[in-house]
Amino acid sequence: MARIDELLKGDIITAKIPEGPLAEKWTNYKAHQKLVNPANKRRLDIIVVGTGLAGASAAASLGELGFHVLNFCIQDSPRRAHSIAAQGGINAAKNYQNDGDSVYRLFYDTIKGGDYRAREANVYRLAEVSNSIIDQCVAQGVPFAREYGGLLDNRSFGGAQVSRTFYAKGQTGQQLLLGAYSALSRQIHKGTVKMYTRYEMVDLVIIEGRARGIIARNLITGELERFAAHAVVIGTGGYGNTFFLSTNAMASNGSAALQAYRKGAWFANPCFAQIHPTCIPVHGTFQSKLTLMSESLRNDGRIWVPKKKEDAEAIRAGKKKPTDIPDEDRDFYLERRYPAFGNLVPRDVASRAAKERCDAGFGVNATGLAVYLDFKYAIERLGRDVVEARYGNLFQMYEKIVDENPYETPMMIFPAIHYTMGGIWVDYELQTSIQGLFCIGEANFSDHGANRLGASALMQGLADGYFVLPYTIQNYLADQIQVPRFSTDRPEFAEAEKAVNDKIDRLMKIQGSRSVDSIHRELGLVMWEFVGMGRTAEGLKTALEKIKEIRKTFWSEVYIPGRRNDLNVELEKALRLADFIEIGELMARDALLREESCGGHFREEYQTPEGEALRQDDKFSYVSCWQYEGEGKEPKLLKEPLDYEFVVRQTRNYKA
Amino acid sequence: MDKTINIKLKVWRQAGPKAKGAFETYELNNISTDSSFLEMLDVLNEKLISEHKEPVAFDHDCREGICGMCSLYINGHPHGPDSGVTTCQLHMRKFHDGETITIEPWRSHAFPVIKDLMVDRRAYDKIMQAGGYISVNTGGMPDANAIPIAKKAADEAMDAASCIGCGACAAACKNGSAMLFVAAKVSQFALLPQGKVEAARRVKAMLGKMDELGFGNCTNTGACAAECPKNVSLSNIARLNREFICAKLKD
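In every chain, residue numbers begin from 1 and rise along the written sequence. As they are written, the chains are lettered A onward and the ligands numbered 1 onward, keeping that order. The model is predicted, so local features are restricted to residues of pLDDT at least 70 and side-chain atom pairs to those at 80 or more, both for listing and for counting; the totals for chains, interfaces and linings are taken over all residues. Side-chain numbers come from the whole structure's heavy atoms, not from hydrogens or water.

## Things to note about the sheet that holds strand 9 (residues 210–218) of chain A
Residues and elements named next belong to chain A.
Now for step 1: Reading across the sheet, the 3 strands line up as 8-9-10 and stay open at both edges, with antiparallel pairing between neighbours. What marks the edges here is a single partner per strand, and that holds for strand 8 (199–207) and strand 10 (224–228). When strand polarity is set aside, the average angle formed by the axes of neighbouring strands in this sheet is 25°.
Now for step 2: One ladder, built from 5 bridges, connects strand 9 with strand 10; its direction is antiparallel. Bridged to alanine 216 within strand 10 is glutamate 225. Think of it this way: DSSP has to see at least two bridges between two strands before they count as a pair. By the criteria applied, helices consist of DSSP H or I runs no shorter than four residues and strands consist of E runs no shorter than two, each listed in order from the N terminus. Fitting a line to C-alpha atoms yields each axis, with helices limited to the stretch in contact; the angle taken between N-to-C directions then spans 0 to 180 degrees.

Okay, here's the thing in structure tokens:
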């Protein structure tokens, strides 16, 4: 428990933030941290779970340094991690556009965008390394968009008044991930990284208080296997699929994070989930996932609903088309409410504004749960060719799904769960409250506060993997060079494996009548209704009750066909759903605790007369960290105070 | 809106890599034409589960057409009859009421079946590991704008780089060749100054690995590009051949 003693003073957490002025903290840290010499690196094993931007970049960089890396992913290839689906771009403070950008401004925008619920020192470091990411990616051959002069192009994203977003068509995540995957492939070829595809981490192994290995399930044979290492890194993404319908990939899950939580890692700010304003609306009960339309579309698209209720009603009934509504009868509600940022307000603000209009009866689509994103004006201003060059692939994707041509009729969009800012708590070194367990990318909680700005997820994933973890993990490993490799025959591995075996047996024996998906859908509906865009104390209490019932249903009525020691997709889904139920409860509990509105967390009781989020800085300027206390017991709340030393907290204002 | 169709499915079922496979026939009614092909398979699986039968195993993940995880030969075409889409973006409105739809796994010697419609595509990873990268370590890079790159070259590199590694090209090819996949990566790097430095080494290593893994050779039938869900152009193969000849001449 030395680690906990180091971090906790009473119930108050310290994050080991280096001394000194904001701009010098990271430099000072690097100057004084411990390093591992090249000959010793070979003797140290590091497990990296996940091959998204964070996991792949970390595994590749650690391999390059000479560590021996074991890298795991659940897909058939590391290149398929869900980072690949990120569309719009990646932020960096290059100021290539000469429009007033700087490291400080990127830092400030991120802190403000996160509604003052992120840690200053981490965010500053993120902004600081952002420029190196772009340099790195260009050197790897990432084909970013360029101007005719041959230099890099930029676009604008929500929550910023500068153009600092680098992009590769509408496939930026894909290109960055393929860059990291290439670097990873090179290390696999060299033998520094051993890759395990179609393996899923099912538990964390702790030896003498330190993370020393994992139990993983071979998804093809169904066998459990043991892996030991000197340190474990989790980069398994977010838990947005708790909502069943989200923009996450089908297999994205929060299980690795929850396993860490059960073994003592604190879960921070679980209620901070991002609802993305521009997704294709839900179309039927058979729907399996929601598709995002890049935020970059808000650069040139204008968002509106009809001004007159009778028009909205006529559209819903199929009697009128959006193109029948003249300009003067269109309510460009974002431009109306937020003249300074207009259609480029941050995601949380745009999502709530859409919900407000739909709740007021102005929504479109047969369901009334959609607003328009219109390119008519951009086509008039720029010509169809320019719009096609910028967004062609997104328009094509929309047309394939919805069967409507967005060049001729406005797109319909609606908010959907997209990203989770909350996650495993980490200190400045990205180390969790378990010694030797690190957490990177979306899986940790660190940089985005209560709301993430567009194009910042890619930045954070790669910052953690390329430029932060490869330094900070050495500070931990430096005194581990005398520790010999652990045998997986140790009792700690046997115990962890037995616990997983028992859990799988218990699941397989239920043989009830409900499919995993049917229960997951039920959980998703509860989450969306009560823990979604608008939350109330009463609703959250209802959610907690309903989640309890869902847990009971799951553990008594789920049906899993097939055998456990075989490729068994239903069993995989069941194991993940068991964890989503726990995460859902944790989200509701955290949302109930946080009696304020900030960023993506909107408690209806706390809003300004204009309907904007109302923070309660005097009471909730802290990171809420939940410590697992055992099955069926209430977790313990610990707090990391957010003292703003360098930035003055203000009410976010995107109006002027 | 909300049109539904009734369909008959002929699905390849195979318990494991060495098991003997066979087609099973299933009937599905009231499938919404707004649903995606994979959502239709979800409906089938829910039905099978409710009858306490084993669901059909198939690969899928992002369901946005970008991860490259989904596969399937549908009515004789990789990713089905629609052009420029992956199976996850194929919608049931492309099929008609009463149609029989045949669903098979990738047909390729280099992609053996794992179970039902799932195949092992690690061969593509191995080709990438042989040379699909620019050999730079993390850190110490020149400024991203230090080397201007002509927009045309950057755009062409991007088009080549849009390959999702799904395997449709090799599955479509009568020779089982992975040329389009290799060509896409070789072209992306050959078009960029950063990639030129080790271009010769790369093209030889990747092609060598492709041969070693049992992929066939290219006879320019063009089936790969015709079936590619990302419309990766055949001209990349011409560039690959040019790169290869230049590399060999230098030897």
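## As for the environment of B:Ser177
All names here are of chain B.
Now for step 1: Mapped onto the fold, serine 177 is located in the loop between helix 4 (168–172) and helix 5 (179–190).
Now for step 2: Considered as a pair, serine 177 and aspartate 211 are 34 residues apart in the sequence and their alpha carbons are 8.9 Å apart.
Now for step 3: Working rule for contacts: check all heavy atoms of both residues, and any pair within 4.5 Å makes them a contact. Those residues in contact with serine 177, other than ones at most four positions away along the chain, are Cys169, Ala170, Met210, Phe215, Gly216, Asn217 and Cys218.
Now for step 4: Whenever a nitrogen or oxygen atom comes within 3.5 Å of another N or O atom, the pair is scored as a polar contact, on the condition that within protein one atom can donate a hydrogen and the other can accept it, and that pairs from neighbouring residues in sequence are kept only if both atoms are in side chains. In this structure the side chain of serine 177 is engaged in a polar contact, spanning 3.3 Å, whose partner is the backbone oxygen of glycine 216.

## Remarks on unusual backbone geometry
Now for step 1: Positive phi values are uncommon outside glycine, yet A:Asn365 reaches one of about 70°.
Now for step 2: Position of A:Asn365 among the secondary structure elements: in the loop between helix 11 (347–359) and strand 16 (371–374).
Now for step 3: Here B:Asn30, not a glycine, exhibits a phi torsion of approximately 55°, which is positive.
Now for step 4: Summarising the element assignment, B:Asn30 is placed in strand 2 (residues 22–32).
Now for step 5: Accessibility here uses a 1.4 Å probe with only protein chains present; expressed as a share of the type maximum, an area under 20% marks a residue as buried, one over 50% as exposed, and anything in between as partly exposed. Overall, the relative accessible area of 58% leaves B:Asn30 in the exposed class.

## Here we look at the interface of chain B and chain A
Now for step 1: Listed per partner, the contact involves 75 residues of chain B and 79 residues of chain A.
Now for step 2: For the pair chain B and chain A, the two sides together bury roughly 6300 Å², of which 53% comes from carbon and sulfur.
Now for step 3: Defined here as a combined quantity, buried area equals the accessible surface (1.4 Å probe) lost by two parts on assembly, summed across both. It is B:Glu64, B:Thr138 and B:Met158 in chain B that bury the most area against chain A; as a group they hold 10% of the surface buried on that side.
Now for step 4: Here a salt bridge means any side-chain nitrogen of Lys or Arg lying within 4 Å of a carboxyl oxygen belonging to Asp or Glu. The tally of links between chain B and chain A comes to 8 salt bridges.
Now for step 5: The interface formed by chain B and chain A contains 44 residue pairs in polar contact (both at pLDDT 80 or more).

## As for the environment of A:Lys263
Residue and element names in this part refer to chain A.
Now for step 1: In this fold, lysine 263 is placed in the loop between helix 8 (255–262) and strand 12 (267–268).
Now for step 2: In this structure, the C-alpha to C-alpha distance between lysine 263 and isoleucine 303, residues 40 residues apart in sequence, is 46 Å.
Now for step 3: The contact partners of lysine 263, leaving out residues within four places of it in the chain, are Asp203, Leu204, Ile206, Ile434 and Ala496.
Now for step 4: At 3.2 Å, the side chain of lysine 263 and the side chain of aspartate 203 are in polar contact.

## Regarding the packing of helix 8 of chain A against helix 18 (residues 569–593) of chain A
All names here are of chain A.
Now for step 1: Here helix 8 crosses helix 18 at 65°, and the two axes come no closer than 9 Å. For the element pair helix 8 / helix 18, the angle class is roughly perpendicular. Here helix 8 and helix 18 pass one another in a crossing that is left-handed. Where helix 8 approaches helix 18, its residues Ser255, Leu258, Gln259, Tyr261 and Arg262 are matched on the opposing element by Leu575, Arg576, Asp579, Glu582, Ile583 and Leu586.
Now for step 2: Each residue receives one of three labels: charged for Asp, Glu, Lys and Arg, nonpolar for Ala, Val, Leu, Ile, Met, Phe, Trp, Tyr, Cys and Pro, and polar for the others, Gly being one of them. Of the residues belonging to the contact of helix 8 with helix 18, the class tally is 5 nonpolar, 2 polar and 4 charged. By the definition adopted for this analysis, an angle is roughly parallel if under 35 degrees, roughly antiparallel if over 145, roughly perpendicular if from 65 to 115, and oblique otherwise. Crossings are assigned a handedness: left-handed for a near helix turned anticlockwise from the far helix by less than a right angle, right-handed for a clockwise turn.

## Some remarks on the side chain of A:Thr608
Now for step 1: With respect to the element layout, A:Thr608 can be found in the loop between helix 18 and helix 19 (617–620).
Now for step 2: The exposure class of A:Thr608 is buried, given its relative accessible area of 16%.

## Some thoughts on the nonpolar core
Now for step 1: We call a set of buried residues a nonpolar core when its members are Ala, Val, Leu, Ile, Met, Phe, Trp, Tyr or Cys and they connect through side-chain atoms within 4.5 Å of each other. The biggest cluster of nonpolar side chains holds 252 residues, and the ones touching the most others in it are A:Ile90, A:Phe144, A:Ile214, A:Trp425 and B:Phe215.
Now for step 2: The dominant element in this core, judged by the number of residues it contributes, is helix 18 of chain A, at 12 residues.
Now for step 3: The residues touching A:Ile214, leaving out its near neighbours within four places in the chain, are A:Ile47, A:Val49, A:Phe72, A:Met201, A:Asp203, A:Leu204, A:Val205, A:Glu225, A:Arg226, A:Phe227, A:Val232 and A:Phe493.
Now for step 4: In this structure, B:Tyr26, B:Ile31, B:Met40 and B:Ile103 belong to the second largest nonpolar core, which totals 25 residues.

## A short note on the packing of aromatic side chains
Now for step 1: Note on ring pairs: Phe, Tyr and Trp rings are taken, using the six-membered ring of Trp, and paired if centres are within 6.5 Å. Classes follow the plane angle, with under 30 degrees stacked, over 60 edge-to-face and the rest tilted. Considering all chains together, one arrives at 38 aromatic pairs over all chains under this definition.
Now for step 2: Arranged with centres 5.3 Å apart and planes meeting at 65°, the rings of A:Phe107 and A:Tyr124 form a pair that is edge-to-face. Note that A:Phe107 is positioned in helix 5 (residues 103–113) and A:Tyr124 in helix 6 (residues 120–140), a separation of 17 residues in sequence. Both residues of the pair, A:Phe107 and A:Tyr124, belong to the buried class.
Now for step 3: Taking the centre distance of 5.8 Å and the plane angle of 35° together, the rings of B:Tyr124 and B:Phe215 count as tilted. Residue B:Tyr124 is located in helix 2 (residues 122–131), and its partner B:Phe215 is located in the loop between helix 7 (199–212) and helix 8 (223–227); the two are separated by 91 residues in the primary sequence. Taken individually, B:Tyr124 and B:Phe215 each receive the classification buried, so the pair is uniform in this respect.
Now for step 4: Distance and angle both matter: a charge sits over a ring if NZ of Lys or CZ of Arg is within 6 Å of the ring centre and within 35 degrees of the ring normal. The side chain of A:Lys112 reaches across the aromatic face of A:Tyr654, ending 4.5 Å from its centre.
Now for step 5: The positively charged end of A:Arg506 is found above the aromatic ring belonging to A:Trp555, 4.1 Å away from the centroid.

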